[in-house]
Amino acid sequence: MNLDNFFCAKNIAIIGVSRDPKKVGHVILRNFLDGGFQGKIFIVNPNADKIIGYKAYKSVLDIEEKIDLAVISVPAPAVPEVVRECGKKGIRDVIIVSSGFKEEGNYSLDKRLESLLKKYKIRCIGPNCLGCFDAHTKLDTLFLPRYRLSRPKEGGISFVCQSGAIGSAILDLATEQGYGFS
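Residues numbered from 1 in each chain as written. Predicted model: local features only at pLDDT ≥ 70, side-chain atom pairs only at ≥ 80, totals over all residues. Heavy atoms only, no water.

J.: Can you walk me through the packing of helix α3 (residues 79–89) against helix α4 (residues 107–119) in this structure?
T.: Two measures define how a pair of helices packs: the angle their axes make with one another and the distance between the axes. Across the interface, α3 lies against α4 with an axial gap of 9 Å and an inter-helix angle of 0°. What the angle tells us is that α3 and α4 run roughly parallel. Every residue of α4 that contacts α3 at V79, P80, V83 and R84 is listed here: L109, R112, L113, L116 and L117. Considering only residue class, the contact of α3 with α4 consists of seven nonpolar, no polar and two charged. (Axes fitted to C-alpha atoms, helices over the stretch in contact; angles between N-to-C directions. Helix = DSSP H or I, 4+ residues; strand = E, 2+ residues; numbered from the N terminus. Parallel < 35°, antiparallel > 145°, perpendicular 65-115°, else oblique. Contact = heavy atoms within 4.5 Å. Nonpolar A, V, L, I, M, F, W, Y, C, P; charged D, E, K, R; others polar.)

If you want it as structure tokens, here you go:
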């Protein structure tokens, strides 16, 4: 299975970017910008025209370019509709950082999401995940701001973790100890 879009995507849609710098979607956008990501970023917020100088699209369907990866940060009840729009757009890889699914006992919403992912053949990391980070490509979908969670330098270590708390602790330790991540 090729997972390149989760680490090397060139065109990324961040769905749920808020004007509020404390909100998760805004933090993810800032992490891309502050980290030096060289690809194209498209932001989606149906209630804004621009956010920090970036055009805000009402829907991912309004973006004319091909999107390699969608990062979804909207309230859980809105996630199925966003995933449906991603499917219609032809986006086959998504990261859902939103929480509020079976981890909170919302099994029916989780089943709806699972059904849509299967219908549109979308590969998904999440929901309720910390995100992905690649030090080489500068792809950073982590929802913790850089001043709270250090990012390691470029290197050869790859790390996958089920726990966001453990994952963020490892990133902090790796940075502090000078280890590089891929």
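Next comes the rest of the write-up.
J.: How should I be thinking about the nonpolar core in this particular structure?
T.: Nonpolar side chains in soluble globular proteins generally cluster together in the buried interior. Membership of the largest hydrophobic core comes to 26 residues, with the highest contact counts inside it found for I15, I72, V83, C86 and V94. Counting residues per element, the ones that place at least two in this core are β1 (11–15), β2 (40–44), β5 (69–72), α3, β6 (93–96) and α4. I12, A48, L69 and V71 belong to the second-largest nonpolar core, a separate cluster that totals 21 residues. (Core = buried A, V, L, I, M, F, W, Y, C linked by side-chain atoms within 4.5 Å. Buried < 20%, exposed > 50% of the residue type's maximum accessible area, 1.4 Å probe, protein only.)

J.: What am I meant to see in the environment of S73 here?
T.: As for its position among the elements, S73 is in the loop between β5 and α3. Considered as a pair, S73 and F159 are 86 residues apart in the sequence and their alpha carbons are 23 Å apart. If sequence neighbours within four positions are ignored, S73 has contacts with I15, G16, V24, G25, I28, V97 and S98. Looking at S73, its side chain comes within polar contact range of the main-chain nitrogen of G25, at 3.4 Å. (Polar contact = N/O pair within 3.5 Å; in protein donor to acceptor, adjacent residues only side chain to side chain.)

J.: Any chance you could explain the packing of aromatic side chains here in plain terms?
T.: For any pair of aromatic rings, the description consists of the separation of the ring centres together with the inter-plane angle of the planes. A full pass over the atoms with the stated rule returns three aromatic pairs. Centre to centre, the rings of F32 and F37 are 5.0 Å apart; their planes meet at 75°, and the pair counts as edge-to-face. Here the two residues F32 and F37 agree in accessibility, since each one is buried. A ring pair is formed by F159 and F181, whose centres lie 6.4 Å apart and whose planes are at 55°; its orientation type is tilted. (Phe/Tyr/Trp six-rings, centres within 6.5 Å; stacked < 30°, edge-to-face > 60°.)

J.: Just to check I follow, could you spell out the pattern of salt bridges for this structure?
T.: As a working rule, side chains carrying opposite charge can pair if their charged atoms are close by. Summed over the entire model, instances satisfying the criterion amount to ten salt bridges. Residue R151 pairs with D140 through a salt bridge whose shortest N-O separation is 2.8 Å. In this pair, R151 is assigned in the loop between β9 (139–140) and β10 (153–157) and D140 in strand β9, connecting sequence segments eleven residues apart. Looking at R151, the relative accessible area reads 11%, which means it is buried. Overlapping salt bridges, with partners in common, bring together K111, E114 and K118 in one network. (Salt bridge = Lys/Arg side-chain N within 4 Å of Asp/Glu carboxyl O.)

J.: It is not clear to me how helix α2 (residues 24–35) should be interpreted in this structure. Could you clarify?
T.: Every α-helix carries 3.6 residues per turn, so stepping three or four residues along brings you back to the same face. Between its first and last C-alpha atoms α2 spans 16 Å; for twelve residues at 1.5 Å apiece the expected length is 16 Å, and the two agree. Within α2, the full set of buried residues consists of G25, H26, V27, I28, L29, N31, F32 and G35. Of the surrounding secondary structure, the elements contacted by the buried residues of α2 are β1, β2, β3 (50–51), β5 and β9. Looking at the residues trailing α2, positive phi occurs at G36, about 90°. (Expected span 1.5 Å × (residues − 1).)

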